[in-house]
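# Understanding the architecture of this molecule
Listed below, chain by chain, are the residues.
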Amino acid sequence: APIRTRVISAELSAEDLAKIQSQLLQVHGRHLSDDELIKLIEEERSNQMPRKETQTDMRKVAPLDIESQAPSCIVGKGMEDVTPPKDDAPTLKSSFAFAYDQIGIVEVRQRSVSVRVVRSGAVEETASITYQTRAGRAKRDEDYTHVEGVLKFGPKEETKSVQINIANSLAFESNEEFYLDLIDAKNQRVASATLVILSNEEAGYIRFEDENLTTVEEFQEKILDVPVIRRDGANGKVKCEWRTEDNTAKASTHYVAGKGVLEFEHGQMVTTIPLTILPAGRCQLRSTVRIVIFNITGAKFDPNTEGGKEFCVANVVIEPDPDIQERILRIHSVLAVNWAKAHTARSNWTAWKEQIMDSIKLKDDEEDDEEERNGCLECLSKVSTALLVVPWRIVFSCIPPPGFCDGWLCFVGSLMGIGALTAVVGDLAALLGCVLEIGSAITAITLVALGTSLPDTFASRTAAVQDPTADASVGNVTGSNSVNVFLGLGLPWTLGALYWTIGGADPIWLARYQDKAFAQDWLSGAFVVEAGNLWFNVMVFSCCAVCCVILLATRRKVFGGELGGPKAPAYVSSVFLVCLWALYIGLSCWHILGHQ
């Protein structure tokens, strides 16, 4: 039963896991560890617990009071080992903010403004907060009178005001602003209000501060304040209606539908619309909700926004929390590993048998109808290609599937198969060069190199198509070259050096090297690799490689990436790289033939 439960859980998608995790965290709190959460998920799936009430109105599901409930009441069946944290509850303190974060000053004769400060939290106690003005484009004592002091709140007193005087002058050429700050006992700024001295007495234009917002879904519902601003004036009161609309987000599932009336007091330049985001549970998916403001009185909507003079629209994109997303993917990976381990030896043998049987098939049954439509020529082309590929498919199908030995047998077998294939291709290329009477040096840089590097070419192409960046595509080439240089050359040369150092010189070695000057100090035997025309090949290759790197850097700067981009430059880049390869082959062959 436990194995089957893990299999069922592993078959869940990451999005399904996100929904289940969100529901469980709402019930049990976010203190659950990964292991505890996995146990609850498997219990949820095995018991097939109905969660209709939670899905229809998730706002009704609230975390339990961990202080008043015993641990066994907080967790599910079989989860007695889950204990909630016992952190002390935070001490409630008073917090201070401005009633309006941005205020416009539009009076001409009476240049003064009253700024309201609001207290919340522990309002039953006395509290105090320091305030002072701070200059912006408006200059201190020239455009406004600097004030500073301490606001003292008595018990249950929640609001107080700060009076600020403005210079009685009509010479304002443009809007000028200054600031009023609230400062706590630690001399830290806790809130700021912007006061704008306006150069006109217009009502202004209403719009969203940002028409495209992004927020993160949390494990519990949260309220997002969407700012609505007033520009080019702040005279008089303004009213407008607002409502939410579904886009890809759905009301009561991803957010709480809402509507209401938005009001701007005289001089008020900013207000907010509360949008409640629900914890629906998501891993990769993003959803969008629209907020519309309409039916305005006392001012006009900004005509430069979506909706023009009739209404304004803001799009709020709800994204998954990166931390929750990482946790879901981690849990999903654990369940997938458990699912793989749950396979029996019989299922692994069955998979191996099916793997071998599939390698013998020339075509899939699903392709029959397609080939009848495409005609005989394409059918013959597919059959001929399959006949060439089938022998290799049969050979590599003998490699055990990943179900054996946690995948290590498949990994080692694949490496051995690739090594054997490379050796066969290299020997066949050398034999072809011998039959065609091509020198070994030219055969090495043409036929052998093509035979061993074409698989890397196709692997890089696959990586380029499947990955969003060129990292895997380019990294495959650099990794392959490093293996060739450090292992392909380093390992045989190390073995050769050990062999000749331990075994000493034999008659064949002496006959070949004892008369040469460089071998006089090594007559007892050594591993010898005579210098040939390799220096010229390396020089040409290095120059071509530098040109290739310059091309990649140029493409990144011009097109934003090494791969892709406009078709014409992509084809030009491909032709340029092929020409570099042809140039390397041509110059290397010319030098080799000229020094034979």
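Residues numbered from 1 in each chain as written. Predicted model: local features only at pLDDT ≥ 70, side-chain atom pairs only at ≥ 80, totals over all residues. Heavy atoms only, no water.

## Examining the overall build of the protein
Condition: Each helix is a run of DSSP H or I of at least 4 residues and each strand a run of E of at least 2, with the numbering of both proceeding from the N terminus. Throughout, exposure labels follow a simple rule: accessible area from a 1.4 Å probe, protein chains only, divided by the maximum for the residue type, with under 20% read as buried, over 50% as exposed, and the rest as partly exposed. Between two residues, a contact is recorded if the distance between any of their heavy atoms is within 4.5 Å. In this description, accessible areas are obtained by the Shrake-Rupley approach with a 1.4 Å probe, and a residue is regarded as covered only by the protein chains that are shown.
The helix and strand inventory of the protein stands at 15 helices and 17 strands. By residue count, 34% of the 596 residues in the protein fall in the buried class. Within the protein, counting contacts between residues at least 6 apart in sequence, those at least 24 apart form 69% of the total. A total of about 36400 Å² of accessible surface is found on the protein, and carbon and sulfur atoms cover 58% of it.

## Some remarks on the packing of aromatic side chains
Rules: Put simply, two rings from Phe, Tyr or Trp (the six-membered ring, in Trp's case) pair if the centres are within 6.5 Å, and we call them stacked under 30 degrees between planes, edge-to-face over 60, tilted for the rest. Geometrically, a charge over a ring is one whose NZ (Lys) or CZ (Arg) sits within 6 Å of the ring centre while staying within 35 degrees of the ring normal.
For the structure shown, the criterion picks out ten aromatic pairs. The interplanar angle of 5° and the centroid separation of 4.0 Å between the aromatic rings of Y144 and F178 together place this pair among those described as stacked. Separated by 34 residues along the polypeptide, Y144 in the loop between β4 (127–134) and β5 (148–153) and F178 in strand β7 (residues 176–183) bring together distant segments of the chain. Taken individually, Y144 and F178 each receive the classification buried, so the pair is uniform in this respect. A cation over an aromatic ring shows up here: R243 above the ring of F294, its NZ or CZ 4.5 Å from the ring centre.

## Describing the side chain of E217
To keep things clear, this is the line we draw: Under this definition, polar contacts are N or O atom pairs within 3.5 Å; protein pairs additionally need one hydrogen-donor-capable and one acceptor-capable atom, and for neighbouring residues in sequence, both atoms have to be side-chain atoms.
Along the chain, E217 turns up in strand β10 (residues 212–217). Within the structure, E217 has its side chain in polar contact with the backbone nitrogen of A280 (distance 3.4 Å). Side-chain polar atoms of E217 contact the side chain of R282, separated by 2.8 Å. Setting aside chain neighbours within four positions, we find E217 in contact with L278, P279, A280, G281, R282, I318, E319, D321 and I324.

## What to know about the sheet that holds strand β16 (residues 300–301)
Just so we agree on the cut-off: Any two strands between which DSSP finds at least two bridges are classified as paired.
Spatially, the four strands line up as an open sheet ordered β14-β11-β9-β16, and their pairing is mixed. Only two strands of the sheet have a single neighbouring strand rather than two, namely β14 (270–277) and β16. Examined bridge by bridge, strand β11 (residues 222–231) and β14 share eight bridges and lie antiparallel to one another. Bridge pairing links L224 to L275 in β14.

## Brief notes about a nonpolar patch on the surface
Inclusion rule: Only residues whose relative accessible area exceeds 30% and that form no salt bridge are eligible for patches; like-charged ones are grouped when within 9 Å, while nonpolar side chains (Val, Leu, Ile, Met, Phe, Trp, Tyr) are grouped when within 5 Å. For this analysis, a salt bridge means a side-chain nitrogen from Lys or Arg found within 4 Å of a carboxyl oxygen belonging to Asp or Glu.
Residues V483, V485, F486, L487, L489, W493, F527 and V529 make up a contiguous nonpolar surface patch of about 770 Å² in total accessible area. Tracing the sequence through the fold places F486 in helix α12 (residues 471–503). Taking the relative accessible area as the measure of exposure, F486 reaches 61% and is therefore exposed.

## Description of the nonpolar core
Here is a general trend for soluble globular proteins: nonpolar side chains tend to be buried in one another's company. The criterion, for reference: We call a set of buried residues a nonpolar core when its members are Ala, Val, Leu, Ile, Met, Phe, Trp, Tyr or Cys and they connect through side-chain atoms within 4.5 Å of each other.
In terms of nonpolar packing, the biggest core is built from 26 residues, with I206, F208, V226, I273 and I293 touching the most fellow members. Among the secondary structure elements, those contributing two or more residues to this core are β9 (205–208), β11, β12 (238–246), β13 (259–264), β14, β15 (287–297) and β17 (311–320). Excluding anything up to four places from it in sequence, V226 contacts F208, L213, T271, T272, I273, L275, I291 and V316. Counting 25 residues, the second largest nonpolar core, distinct from the first, contains I103, Y144, F153 and F178.

## A short note on the packing of helix α11 (residues 440–466) against α12
For clarity, the cut-off: Lines fitted to C-alpha atoms define the axes here, with helix axes fitted over just the stretch in contact, and angles between the N-to-C directions of these axes take values from 0 to 180 degrees. By definition in this entry, angles of less than 35 degrees are roughly parallel, angles greater than 145 are roughly antiparallel, angles of 65 to 115 are roughly perpendicular, and the rest are oblique. Left-handed describes a crossing in which the near helix is turned anticlockwise from the far one by less than a right angle; the clockwise case is right-handed.
The interhelical angle for the contact between α11 and α12, taken along N-to-C directions, is 155°, at an axis separation of 7 Å. Considering their axes alone, α11 and α12 lie roughly antiparallel with respect to each other. Of the two possible hands of crossing, α11 and α12 adopt the one that is right-handed. The residues of α12 that touch α11, namely those facing D456, A459, S460, A463 and A464, are A472, S473, N476, V477 and S480.

## Focus on the pattern of salt bridges
This model, assessed by the stated rule, comprises 14 salt bridges. Ionic pairing is found between E263 and K239, a salt bridge with its closest N-O pair at 3.7 Å. Residue E263 is found in strand β13, and its partner K239 is found in strand β12; the two are separated by 24 residues along the sequence. Between E245 and R243 there is a salt bridge, with the nearest N and O atoms lying 2.9 Å from each other. The network of salt bridges with shared partners includes R243, E245, R290 and E306.

## Brief notes about the sheet that holds β5
One open sheet holds the five strands; their spatial order is β2-β8-β7-β4-β5, and the pairing between them is mixed. Both outer strands of the open sheet, β2 (102–105) and β5, are each paired with one neighbouring strand and no more. Neighbouring strand axes in the sheet, compared pairwise and without regard to direction, differ in orientation by 25° on average. Of the strand pairs in this sheet, β4 and β7 are connected by five bridges, and their pairing is antiparallel. Bridging across to β7, Q132 finds its partner in D181.

## Notes on the environment of T133
Examined against the element boundaries, T133 turns out to sit in strand β4. Owing to a relative accessible area of 5%, T133 belongs among the buried residues under this scheme. Residues T133 and D181 lie 48 residues apart in sequence; the distance between their C-alpha atoms is 6.2 Å. Excluding residues that lie within four positions of it along the chain, T133 makes contacts with Y144, H146, V147, I164, F178, Y179 and L180. At a separation of 2.5 Å, a polar atom in the side chain of T133 contacts the side chain of H146.

## Some details on unusual backbone geometry
The phi dihedral of D232 falls on the positive side, at around 60°, and the residue is not glycine. Of note, S252 is a non-glycine position whose phi angle comes to about 70°, a positive value. In this structure, S252 sits in the loop between β12 and β13. Classification of S252 by relative accessible area gives partly exposed; the value is 42%.

## What to know about the side chain of T244
Relative to the elements of secondary structure, T244 occurs in strand β12. Overall, T244 belongs to the buried group, its relative accessible area being 13%. There is a polar contact of 3.0 Å between the side chain of T244 and the backbone nitrogen of G258. Excluding its chain neighbours within four sequence positions, the residues that come into contact with T244 are Y255, V256, A257, G258, L275, V289, R290 and I291.

## Quick word on the pairing of β11
In terms of burial, β11 is largely enclosed, as seven of its ten residues are buried. Sheet analysis places β9 next to β11, joined by four bridges and oriented antiparallel. Its bridge partner lying in β11, F208 is registered against V228.

## Regarding the packing of helix α14 (residues 534–559) against helix α15 (residues 567–594)
What counts is decided by this rule: Amino acids outside the nonpolar list (Ala, Val, Leu, Ile, Met, Phe, Trp, Tyr, Cys, Pro) and the charged list (Asp, Glu, Lys, Arg) are all regarded as polar, and Gly is one of them.
In contact at an axis separation of 9 Å, α14 and α15 are set at 170° when each is read in the N-to-C sense. Overall, the two elements α14 and α15 adopt an arrangement that is roughly antiparallel. When grouped by side-chain class, the residues that make up the contact of α14 with α15 number 19 nonpolar, four polar and one charged.

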